[in-house]
Amino acid sequence: MSVSTAALDQSICAPLPVLGADVTVPLVTGGDVTYAALDYAASAPALQRVWDDVAAYAPYYGSVHRGAGYLSQLSTDLFESSRTTVADFLGCRPEDQVVFTRSTTDSLNLLASALPADCQVFVFETEHHASLLPWRDARVTYLDAPRTPAEAVATLERALAGRDPHGPALVCVTGASNVTGELWPVKELTSAAHAHGARIVLDAAQLAPHHPVDIADLDVDWVAFSGHKLYAPFGSGVLAGRADWLRDAEPYLAGGGASRKVARRADGGVDVEWHTTPARHEAGSPNVIGVYSIAAACRALTEAGFDRLVAREQQLVTRVREGLAGVPEVRVLSLFGDDAPRVGVISFVVEGWNSSHFAAALSAEYGIGVRDGLFCAHPLVRTLLGSEPQEPGECGAPEAEPGERSLNAIRVSFGAGTPDEHIERFLGAVRELVRTGARWSYRTEDGRCVPDRGAAQV
Ligand SMILES: Cc1ncc(COP(=O)(O)O)c(C=O)c1O
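Rules and cut-offs
- Residues numbered from 1 in each chain as written.
- Predicted model: local features only at pLDDT ≥ 70, side-chain atom pairs only at ≥ 80, totals over all residues.
- Heavy atoms only, no water.
- Helix = DSSP H or I, 4+ residues; strand = E, 2+ residues; numbered from the N terminus.
- Contact = heavy atoms within 4.5 Å.
- Core = buried A, V, L, I, M, F, W, Y, C linked by side-chain atoms within 4.5 Å.
- Buried < 20%, exposed > 50% of the residue type's maximum accessible area, 1.4 Å probe, protein only.
- Domains from an automatic or database assignment.
- Near = heavy atom within 4 Å.
- Areas by Shrake-Rupley, 256 points an atom, 1.4 Å probe, with all protein chains shown as cover.
- Nonpolar A, V, L, I, M, F, W, Y, C, P; charged D, E, K, R; others polar.
- Pairing = 2+ DSSP bridges.
- Axes fitted to C-alpha atoms, helices over the stretch in contact; angles between N-to-C directions.
- pLDDT = per-residue confidence, 0-100.
- Parallel < 35°, antiparallel > 145°, perpendicular 65-115°, else oblique.
- Left-handed = near helix turned anticlockwise from the far one by under 90°.
- Disulfide = S-S within 2.5 Å.

A. Layout of the side chain of Ser-293. You can see Ser-293 is positioned in helix 9 (residues 288-304). When near neighbours in sequence (up to four residues on either side) are disregarded, Ser-293 contacts Val-50, Val-54, Ala-232 and Phe-234.

Here's what the structure looks like:
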């Protein structure tokens, strides 16, 4: 593959306006440059439209489900209508519930707390820790990393084949990998799960911001995603899907809002009647701004034409992959191979470079923000790197001193707000760093690779 120099097809659509597009950051080598946010997979910038909608609502902010005043009523209406907007965005079935949470992690922990007794859980070792770890109280089967989508389905089928089809079981799978960006065969995995009497939850943290998700069409039982990856960074997330397990479970948090009726008993105790609606798992004062911002993002993406955003992002994916393929020292990490469909999340290593050092140089010398580390998917990244298991460090912390062999990777990720210039700057910077090396020296400080301010320019 050679580096494509053809201009991107601007007729598809322009990037959506996001906050921070004009923010400048200092370069260690002198001067300032506009910040290139290429870490959407961690947290995407807020859409301007989301910010505007939130700002327009903010003066009317009031309590939700607990006030007689006009603004409380209005806030309650906005909160509840946001549920409908999210349900529409996800193509929910009429009987599905949309529960508002803090994040994908929170959504999956909520579902884990609602599993029926003796539930078996099946999860690939390749999952993000948010999908891998919440099931500790269940009987969990960890499935080996498949090397093709078909192998993923076959692996799941084999694992499910031996189980009692009448006992409860849940499969948890990611829609798009936060490491490779590759799409997982969700429909096929869902058919396999259902054929064996298991349910399936889709971790759409990386899928929903990049691709339309339709619960009914995919036939999954639940979908989880986070607002802050969907251009709505105000602290809310979503768990949408089947109501029954959630309705039968103890409330995730006990408290006001989740309880319909509370009364003292004659024996001195307390009787509680819990809601059977999503409120059952939303105890406490809800984050109406966070929820409203997610609804605003859903509207903005839909109105912009999600298919056009996908088409543009695919152009950027091709551009980045072709650009990186033109640098022989770069190895892009992939589970399913070059032809796998993927979103704008690409991880790679550079021969002879510590990934933390490389990421630090991209930031300090080019104003480009990427992520380095194991991306909270330690087993997957180690499988892809072929590195030995070792004590996991803090999420995202570099695991080697600058100059040592890289044990972690670099991830570049982008989406609806990414201008072409950020991609071009990134590719130019990769080529230059590989060719001529960093222009500054770096050292590890508090577990991060940082420019050595006291050092002379190298
Ligand atoms: C695939 C995937 N699932 C779950 C999560 C957890 O999301 P959050 O940190 O918003 O809970 C992430 C975050 O990076 C992710 O990439």
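B. Just the nonpolar core, in detail. Within the largest apolar cluster, 86 residues are counted, with the highest numbers of intra-cluster contacts made by Leu-90, Leu-202 and Phe-225. No other element matches the 11 residues that helix 9 contributes to this core. For this core, the domains that each give at least three residues are domain 1 (24-46 + 305-451) and domain 2 (49-303). Setting aside chain neighbours within four positions, we find Phe-225 in contact with Val-86, Leu-90, Ser-103, Thr-104, Ser-107, Ala-204, Ala-205, Ala-208, Leu-230, Gly-237, Val-238 and Ile-294. In this structure, Ala-36, Trp-353, Leu-362 and Val-430 belong to the second largest nonpolar core, which totals 36 residues.

C. Just the site of the ligand, in detail. Around the ligand sit 14 residues, and of these Thr-105, Asp-203, Ser-226, His-228 and Lys-229 come closest. Against a free-state accessible area of 390 Å², the protein chains account for coverage of 89% of the ligand. The residue inventory of the shell around the ligand, partitioned by class, reads three nonpolar, nine polar and two charged.

D. Main features of the sheet that holds strand 14 (residues 345-350). Strands sit in the order 13-14-17-16 across an open sheet of four strands; the sheet is antiparallel. The strands lining the two open edges of the sheet, one partner per strand, are strand 13 (330-332) and strand 16 (371-373). The sheet shows a mean angle of 30° between the axes of neighbouring strands, direction not considered. Bridge count for strand 13 against strand 14 is three bridges, and the pairing is antiparallel. Bridge pairing links Arg-331 to Val-349 in strand 14.

E. Structural context of the confidence of the model for the protein chain. Averaged over all residues, the pLDDT of the protein chain is 92; the fraction at 70 or higher stands at 93%. In this model, residues 1-6 is a region of pLDDT below 50 whose contacts with residues beyond four sequence positions or in other chains number 11 contacts. Ignoring residues within four places in sequence, the model shows residues 391-399, a span with pLDDT below 50, making 25 contacts including any to other chains.

F. Here's a closer look at the packing of helix 1 (residues 48-57) against helix 9. With their axes 8 Å apart at the nearest point, helix 1 and helix 9 run at an angle of 135° to one another. With respect to helix 9, the axis of helix 1 lies oblique. Crossing handedness for the pair helix 1 and helix 9: right-handed. Seen from helix 1, the contacting residues are Arg-49, Val-50, Asp-53, Val-54 and Tyr-57; seen from helix 9, they are Val-288, Ile-289, Tyr-292, Ser-293, Ala-296, Ala-297, Arg-299, Ala-300 and Glu-303. Within the contact of helix 1 with helix 9, the residues separate by chemical class into nine nonpolar, one polar and four charged.

G. Examining the pairing of strand 19 (residues 448-451) more closely. In this sheet, strand 19 lies alongside strand 18 (residues 442-445) in antiparallel orientation, the contact comprising four bridges. Across the sheet, residue Tyr-442 finds its bridge partner in strand 19, namely Pro-451. In this structure, the hairpin formed by strand 18 and strand 19 is closed by a connection of two residues, where Asp-446 is found at a positive phi of approximately 50°.

H. Summary view of the state of the cysteines. Tallying each qualifying case throughout the model produces zero disulfides. Considering cysteine sulfurs only, Cys-92 is the nearest to Cys-298, which forms no disulfide, with 10 Å between them. On the accessibility criterion, Cys-298 (2% relative accessible area) is buried.

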